[in-house]
Amino acid sequence: ARHTLRRSVSSKKRLARLEIMTGKWRTGSVTLLETALADHTNAPRSICNHGDATSREPKYDDQTLSSLILDPRHRLLTIRPGNPCTYAPQIFTLA
């Protein structure tokens, strides 16, 4: 069976914010993407989401688990486990 992803209102708001911050992907430097992935605008529907364990509404208990940026030009993979605003990047060189 074919599965399709349904975008929530929260996902659409996060995507719109990301597109504003990155100029619709035309200029995607690693620094710009790191800043965008750590953004808290529109919380609790922000790109970097810390969740709300006290919320009684399931729509607000989402949490960012990690961020990943692939830079094919420089053959680098940058991973931040957990919230991108909190954790130091782990950078891997790709062969």
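Heads up: the structure comes first, above all this text.
The text that follows walks through the structure, step by step, so that each part is easy to find. (Residues numbered from 1 in each chain as written. Predicted model: local features only at pLDDT ≥ 70, side-chain atom pairs only at ≥ 80, totals over all residues. Heavy atoms only, no water.)

**Some remarks on the overall build of the protein**
- On a plain count of helices and strands, the protein comes out with 2 helices and 3 strands.
- The secondary structure elements of the protein, listed N-terminal to C-terminal, are α-α-β-β-β.
- The 95 residues of the protein split such that 22% are buried.
- Here the analysis covers contacts within the protein between residues at least 6 apart in sequence; of these, 26% occur between residues at least 24 apart.
- Carbon and sulfur atoms provide 54% of the accessible area of the protein, an area that totals close to 7200 Å². (Helix = DSSP H or I, 4+ residues; strand = E, 2+ residues; numbered from the N terminus. Buried < 20%, exposed > 50% of the residue type's maximum accessible area, 1.4 Å probe, protein only. Contact = heavy atoms within 4.5 Å. Areas by Shrake-Rupley, 256 points an atom, 1.4 Å probe, with all protein chains shown as cover.)

**Comments concerning the pairing of strand S2 (residues 76-81)**
- As paired elements, strand S1 (residues 66-71) and S2 share 6 bridges and run antiparallel to each other. If you follow serine 67 over to S2, its bridge partner there is arginine 80.
- In this antiparallel pair of consecutive strands, S1 and S2, the connection spans 4 residues, and arginine 75 shows a positive phi of 55 degrees.
- The pairing of S2 with strand S3 (residues 90-93) spans 4 bridges and is classified as antiparallel. Each bridged residue has a counterpart across the sheet, and for threonine 78 the counterpart in S3 is isoleucine 91. (Pairing = 2+ DSSP bridges.)

**Some thoughts on the pattern of salt bridges**
- By the definition in use, this model includes 2 salt bridges.
- Between arginine 17 and aspartate 39 there is a salt bridge; the shortest N-O distance is 2.9 Å. Taken together, the residues arginine 17 in helix H1 (residues 9-22) and aspartate 39 in the loop between helix H2 (30-37) and S1 connect sequence positions 22 residues apart.
- The class for aspartate 39 is buried, based on a relative accessible area of 10%.
- Residue arginine 80 pairs with glutamate 34 through a salt bridge whose shortest N-O separation is 3.3 Å. (Salt bridge = Lys/Arg side-chain N within 4 Å of Asp/Glu carboxyl O.)

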